[in-house]
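# Survey of secondary and tertiary structure
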Amino acid sequence: MVLEAKNVKYAYKSQKEKEILKNVSMQFEEKKFYTIVGASGAGKTTFLSLLAGLDTPSEGIILYEGEDIRVKGLNCHRKNNVSLVFQNYNLIDYLTTEENVRLGGTKNPRYLLEQVSIPCEDWNRNVLQLSGGQQQRVAIARALASNAKVLLADEPTGNLDETTAAEIIELLKRTAHELGKCVIAVTHSRYLAAQADEVIMIKDGAVEKIIIGGYNDEAVKEL
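If you're wondering where the values come from, they're calculated on a predicted model, not measured in any experiment.

### What to know about the pattern of salt bridges
One pass over the structure, following the stated rule, counts 11 salt bridges. Glu 98 serves as the salt-bridge partner of Arg 110, at 3.1 Å between the closest nitrogen and oxygen. Note that Arg 110 is positioned in helix H5 (residues 109-115) and Glu 98 in helix H4 (residues 97-102), a separation of 12 residues in sequence. On the basis of relative accessibility, which here comes to 38%, the residue Arg 110 falls in the partly exposed class. Three or more residues are tied together by salt bridges with common partners; here these are Glu 29, Lys 32 and Glu 198.

Laid out in structure tokens, this is it:
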């Protein structure tokens, strides 16, 4: 088990009476692709933030390989254990494609750009000259530059057209199944959600249901 949430609760400090997450427990493995779904305000993005070490639970713990992430510190967790992909890409707009990927870690940026289908003629272009789909692929390549075992994605296809979104979904699946990472994505997309090995449905701050088994028509109907 690479990542685990154990009896996690969360409430904003200014609104302690309003719980965003209510006693959530989940286990995540390497080589698996997970999606987290739910209505706006259900708590799914908050849960992802806690897994990333961007915030701490009001109660309960987040474990990485069996150890509370607070033991070595949240900065250490964010630097070494997880990599992040955002809906708005969060690329450095004055750098080239290759330079952005190099920021993610020590792995060969050109190899990673090949893996995410960015042609070599675009490697030295300013990243803002790329299409939205290309920028998201660069963001994923940057995340893959890290040795982190966990990749966390927040609405990774939210700004993309259907065809490009499908390409990003395949890339996320390959990152889990072929590269061996644990991939966890928050999404509103029923299609993206149903591609996962496990779909975690959150409602009113609690895990309502877990659908296991990857894409099938019944899974889509339930989302």
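Picking up where we left off.
### Overview of helix H1 (residues 44-52)
Along H1, seven of the nine residues are buried, which leaves the element largely enclosed by surrounding structure. For H1, the set of buried residues is Lys 44, Thr 46, Phe 47, Leu 48, Leu 50, Leu 51 and Ala 52. Note on H1: the residue one or two positions beyond its end, Gly 53, has a positive phi of about 75°.

### Focus on the sheet that holds strand S8 (residues 182-186)
With mixed pairing, the six strands of this open sheet are ordered in space as S6-S7-S8-S3-S9-S10. Every other strand in the sheet has two partners, leaving strand S6 (82-85) and strand S10 (206-212) as the edge strands with one partner each. Within the sheet, the average angular offset between the axes of one strand and its neighbour, ignoring direction, is 20°. Both strand S9 (residues 198-203) and S10 contribute to a ladder of six bridges, which runs antiparallel. Looking at the pairing, Met 201 lines up with Lys 209 of S10.

What counts and what doesn't
Residues numbered from 1 in each chain as written. Predicted model: local features only at pLDDT ≥ 70, side-chain atom pairs only at ≥ 80, totals over all residues. Heavy atoms only, no water. Salt bridge = Lys/Arg side-chain N within 4 Å of Asp/Glu carboxyl O. Helix = DSSP H or I, 4+ residues; strand = E, 2+ residues; numbered from the N terminus. Buried < 20%, exposed > 50% of the residue type's maximum accessible area, 1.4 Å probe, protein only. Pairing = 2+ DSSP bridges. Axes fitted to C-alpha atoms, helices over the stretch in contact; angles between N-to-C directions.

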